[in-house]
Amino acid sequence: GLQARLGRPGTLLLERLRGVQRAQGGISPGDLRRLADEFGLPVAAVTGTVSFYADFAEGCRGQRHVRVCEGASCFASTGGQHIRDLERVLGVRRGTCAPDGSVSLQAVRCLGYCYDSPAVLDGGRPGTGQDLGGLLNGQPDADSGSALSIRTPPPIPYESRADPPVVLAGLLGVEGGWQVWPEVVTGGSPEQVSGEVAASGLRGRGGAGFPTAKKWSMAAGEPGPRYVIANGDEGDPGSYCDRLLMEQDPHRILEGLALAAFTVGARHGLVLVRSEYPLAVARMRAALAEARAAGHLGRGVHGSGFDFDVEVVEGAGSYVAGEETALMHTVSGLRGDARPRPPYPTSKGFLGRPTVLNNVETLAAVPWIVRHGGAAYARLGHPDEPGTKLVCLSQLFRRPGVYEVEYGVPLRYLVEDLGGGLRDGRTLRAVQVGGPLGGFLTPVQLDLPLLTKPLGQAGVPLGHASLIAFDTELPAAAILRHEWAFGAAESCGACTPCRVGTRRGLELAEQIDESGQPAGLLARQEPLLEVLDAASLCAFGRGVACAVRSVTRAYSDEFSRSSP
Ligand code: SF4
């Protein structure tokens, strides 16, 4: 039936497409027909999948394939000059391949090296920093991508709190994993695990903030088979903590996923890792093999009656595919379009079955919670939002990096105490909080706390909570264009308000240059933003509207000055 058809290509189709592309540098019409036959699908279905994902659709692949980051931190650090320089040095335009097939250049958002922008991936080898020669020569080996580690900040007191913040040594730092799993799977109960997670107040760390225990109980209440998925599709420019977690502590994520599976009664789990993170894909796969060898996964785990195994799936280049309904399509081998909810994935997710999807940072917190108790976790952070958050600071800060902080700390503590202000004597003009669907705040707003509600009231969704610094060098018009360009490039196209609205918005923004905007042009954004806000099918369209509004608000003085 249709259901079988929907699930049929499964995770294998993306793998097969990637294999063909690696072997031949591109996917030909003959390949499409062959794969359609192999999977028993219409050619149009395979063509639809290929045309959706940037990795397959954008130009051909040269023998040397270079990916350059055009995410917000790289943009804030060079204004886009690094991409133009690379085009000149490599002799190819972005999105194209040299006629002799020797080299191709793909612009992506983002590579997850926002602490040392700009960044490239030359093959699988990362290169970061301001020196173009260094970018292309990369670093000695792929492992150097892990040079940065997650830091737990020193206990610097901040004013809005009576006690100094707790130093969270090891809470989300590198810990290993599998410390509670053998005991839980052999002697524990799903109710005990779900009780601790409920008591912890843990909410999703990927942006939506849904209560984790509630999501698990919704799926557990549906008839099986059930699935659990770790979302490692960290597409938000500015956030790179998920990459570091997957590279540096993959066992902890797998243990969190296993605990989720045990709680909801799932026998099969998936970890989706974006293709822009090749080292994370490799580390997750290596950890999976180690976990199987150690008996943490497989049939009758640790002599219990519980069977559980995991598959690591590599994404194919799509921002929207990180949205939960879109991600279900991706791991099913389909176009990564979002779809209306309900039904929610907890009742109808992967292969149409009840599925729990959690961000990798959320899952990484679960072993600690089960080991130390939900109440201990709930004592951290703020009563409205307990616990800690990994916050990434971008390259323009004096001390960029990932810091684990409690919810509720003022943004000024992150920017000034942890980040140390801006480097090289630059002046802070704005911070973008929560990625491209978050929002811009000015320096006078930095006393706002790292909490969903107060930031939401200021028109800024907390999102993944990471901060990108913008200095006074970059004009407001360029930032506005960057925001609309992101919306137009990453819209999945499933609904008209977002597909058309983001392109019209970009056309408008392209007419606003640094020397002054034609009268009334900025005001013409407003009807577009209203439609995006009211009629978009998923949170992406609404997020673009919110982000664009925040740019015009944060830079209102500059925009009004440039009006004739
Ligand atoms: Fe796709 Fe944008 Fe519509 Fe979401 S709002 S479904 S991303 S077109």
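The text that follows walks through the structure, step by step, so that each part is easy to find. Nothing here was measured: the structure is a model prediction, and the numbers come from that model.

## Details of the overall build of the protein chain
Scanning the protein chain for helices and strands turns up 24 helices and 15 strands. When contacts within the protein chain are restricted to residue pairs at least 6 apart in sequence, long-range pairs at least 24 apart make up 71% of them. Accessible surface computed for the protein chain: about 20900 Å², of which carbon and sulfur atoms make up 53%.

## With respect to the pairing of strand β11 (residues 388–393)
The element β11 is largely enclosed, with a buried count of six among its six residues. Side-chain alternation along β11 places Thr388, Leu390 and Cys392 on one buried face and Lys389, Val391 and Leu393 on a second face that is also buried.

## Examining the site of the ligand
Close to the ligand lie 13 residues; Cys492, Gly493, Cys495, Cys498 and Cys538 are nearest. Of the residues belonging to the shell around the ligand, the class tally is nine nonpolar, four polar and no charged.

## Examining the nonpolar core
Counting residues in each nonpolar core, the largest one holds 85 residues, and the members touching the most others are Leu414, Phe470 and Tyr555. Formed by 68 residues, the second largest nonpolar core is a distinct cluster that contains Val193, Leu202, Leu244 and Val312.

## Notes on the sheet that holds strand β2 (residues 96–97)
Pairing in this open sheet of five strands is mixed, and the strands run β2-β3-β1-β4-β5 from one edge to the other. Across the chains shown, the open sheet's two edge strands, defined by having one partner strand only, are β2 and β5 (125–128). Bridging between strand β4 (residues 119–122) and β5 involves four bridges; their strand directions are antiparallel. If you follow Val120 over to β5, its bridge partner there is Gly127. Its contacts with the sheet put helix α7 (residues 81–90) on β1 (64–69), β3 (103–108) and β4, and the angle it makes with β1 is roughly 165 degrees.

## Focus: the environment of Ala469
Position of Ala469 among the secondary structure elements: in strand β15 (residues 467–471). Residue Ala469 is classed as buried on the basis of its relative accessible area of 0%. Sequence-wise, Ala469 and Val431 are 38 residues apart; in three dimensions their C-alpha atoms are separated by 4.7 Å. Once you skip the residues sitting within four places of it in the chain, Ala469 turns out to touch Ala76, Ser394, Leu396, Phe397, Leu422, Leu428, Ala430 and Val431.

## Considering the packing of helix α3 (residues 29–39) against helix α4 (residues 43–52)
Interaxial distance between α3 and α4 falls to 8 Å at its minimum, and their mutual angle equals 120 degrees. For the pair α3 and α4, the crossing hand works out as right-handed. Residue-level contacts link Leu32, Arg33, Leu35 and Ala36 of α3 to Val43, Val46, Thr47 and Val50 of α4. Taken together, the residues of the contact of α3 with α4 sort by class into six nonpolar, one polar and one charged.

## Quick look at the pairing of β1
For β1, the buried fraction is high: five of the six residues fall into the buried class. As defined by bridge partners, β1 adjoins β4 across three bridges and the pair is classed as antiparallel. Opposite Arg67, over in β4, you have Leu121 as the bridge partner.

## Re the environment of Gly235
Within the secondary structure, Gly235 is located in the loop between β7 (227–232) and α12 (241–248). When sequence neighbours within four positions are dropped, the list of residues in contact with Gly235 reads Arg109, Cys110, Arg274 and Tyr319.

## What about the packing of α12 against helix α16 (residues 360–372)?
One can describe the packing of α12 onto α16 by two numbers: an axis separation of 9 Å at closest approach and a directional angle of 50 degrees. The angle between the axes of α12 and α16 places the two elements in the oblique class. The handedness of the crossing between α12 and α16 comes out as left-handed. The residues of α16 that touch α12, namely those facing Cys241, Asp242, Leu245 and Met246, are Val360, Glu361 and Ala364. Taken together, the residues of the contact of α12 with α16 sort by class into five nonpolar, no polar and two charged.

## Quick notes on the pattern of salt bridges
Overall, the coordinates contain 27 salt bridges when judged by the stated rule. The closest approach of N and O atoms between Asp471 and Arg426, which form a salt bridge, is 2.6 Å. Of this pair, Asp471 sits in strand β15 while Arg426 sits in the loop between α18 (411–418) and β13 (428–433); the two residues are 45 residues apart in sequence, bridging distant segments of the chain. Judged by relative accessible area, which is 31%, Arg426 ranks as partly exposed. We note a salt bridge from Asp557 to Arg429, for which the minimum N-O separation is 2.9 Å. Of this pair, Asp557 sits in helix α24 (residues 556–562) while Arg429 sits in strand β13, and the two are 128 residues apart along the sequence. Under the relative-accessibility criterion, Asp557 is labelled partly exposed at 38%. Through salt bridges with shared partners, a single ionic network connects Arg18, Arg22, Asp55 and Glu314.

## Some details on unusual backbone geometry
Residues Ser117 and Pro118 are joined by a peptide bond in cis, for which omega reads -5 degrees. Tracing the sequence through the fold places Pro118 in the loop between β3 and β4. Look at the link from Arg341 to Pro342: it is a cis peptide, with omega at -5 degrees. One can find Pro342 in the loop between α15 (324–331) and β10 (355–359). Of note in the backbone geometry, Trp178 takes a positive phi value of approximately 65 degrees without being a glycine. Tracing the chain through its elements places Trp178 in the loop between β6 (150–151) and α9 (181–187). If you check the backbone angles, Leu351 has positive phi at about 55 degrees while not being a glycine. Residue placement: Leu351 occurs in the loop between α15 and β10.

Parameters at a glance
Residues numbered from 1 in each chain as written. Predicted model: local features only at pLDDT ≥ 70, side-chain atom pairs only at ≥ 80, totals over all residues. Heavy atoms only, no water. Helix = DSSP H or I, 4+ residues; strand = E, 2+ residues; numbered from the N terminus. Contact = heavy atoms within 4.5 Å. Areas by Shrake-Rupley, 256 points an atom, 1.4 Å probe, with all protein chains shown as cover. Buried < 20%, exposed > 50% of the residue type's maximum accessible area, 1.4 Å probe, protein only. Near = heavy atom within 4 Å. Nonpolar A, V, L, I, M, F, W, Y, C, P; charged D, E, K, R; others polar. Core = buried A, V, L, I, M, F, W, Y, C linked by side-chain atoms within 4.5 Å. Pairing = 2+ DSSP bridges. Axes fitted to C-alpha atoms, helices over the stretch in contact; angles between N-to-C directions. Left-handed = near helix turned anticlockwise from the far one by under 90°. Parallel < 35°, antiparallel > 145°, perpendicular 65-115°, else oblique. Salt bridge = Lys/Arg side-chain N within 4 Å of Asp/Glu carboxyl O.

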